[in-house]
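Now for the letters of each chain:
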Amino acid sequence: MTKFDPSKFEDTYEDALIAMIDAKRKGKKPPKPAPKPKENVIDLASVLRKSLAKEGIKEHPKARRKSA
């Protein structure tokens with residue numbers, strides 16, 4: 001288990017809020033937010049369906065479930 005070191009914590013929300021307030025005080029447009037990092041999320045079910053389709057295996061009609 002690691003210990004939390006508050007000196008290493010970077011509060012990006014607070015930094016963005018301060019930058020927006022400073023820009024408004026100076027009469028400028030607020031700065032654009034930094035782009036969010038890309039997530040490496042893969043829908044394994046769709047990848048499997050595509051793989052099966054390439055092999056010529058058809059999906060059973062009842063096999064596909066609807067998400068809640």
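Colleague: Honestly, the overall build of the chain in this entry has me stumped. Any pointers?
Modeller: The helix and strand inventory of the chain stands at 2 helices and 0 strands. By residue count, 1% of the 68 residues in the chain fall in the buried class. Summing over all exposed atoms, the chain offers an accessible surface of approximately 7700 Å²; the carbon and sulfur share of this is 58%.

Colleague: Explain the environment of Leu17 here, please?
Modeller: Counting through the fold element by element, Leu17 comes out in helix H1 (residues 12–25). Residue Leu17 is classed as partly exposed on the basis of its relative accessible area, which comes to 34%.

Colleague: Mind showing me how you'd approach the pattern of salt bridges here?
Modeller: A pair can form between side chains of opposite charge whenever their charged atoms are brought close. By the definition in use, this model includes 1 salt bridge. The partner of Arg25 in a salt bridge is Asp22, with the nearest N and O atoms 3.9 Å apart. Remark: Asp22 and Arg25 occur in helix H1; sequence separation between them is 3 residues, near one turn of the helix. You can call Arg25 exposed: its relative accessible area is 69%.

Colleague: Please explain H1 as it appears in this structure.
Modeller: An ideal rise of 1.5 Å per residue puts 20 Å on 14 residues; H1 measures up with 20 Å between its terminal C-alpha atoms. Of the residues flanking the start of H1, the one acting as N-cap is Asp11, its side-chain oxygen 3.3 Å from the backbone nitrogen of Tyr13. Just beyond H1, the residue with positive phi is Gly27, at close to 75 degrees.

Colleague: How should I be thinking about a nonpolar patch on the surface in this particular structure?
Modeller: A cluster of nonpolar side chains, namely Tyr13, Leu17, Met20 and Ile21, defines an oily patch on the protein surface of about 380 Å² accessible area. When you line up the elements, Tyr13 lands in helix H1.

Rules used in this analysis
Residues numbered from 1 in each chain as written. Predicted model: local features only at pLDDT ≥ 70, side-chain atom pairs only at ≥ 80, totals over all residues. Heavy atoms only, no water. Helix = DSSP H or I, 4+ residues; strand = E, 2+ residues; numbered from the N terminus. Buried < 20%, exposed > 50% of the residue type's maximum accessible area, 1.4 Å probe, protein only. Areas by Shrake-Rupley, 256 points an atom, 1.4 Å probe, with all protein chains shown as cover. Salt bridge = Lys/Arg side-chain N within 4 Å of Asp/Glu carboxyl O. Expected span 1.5 Å × (residues − 1). Polar contact = N/O pair within 3.5 Å; in protein donor to acceptor, adjacent residues only side chain to side chain. Patch = residues over 30% accessible without salt bridge, like charges linked within 9 Å, V, L, I, M, F, W, Y side chains within 5 Å.

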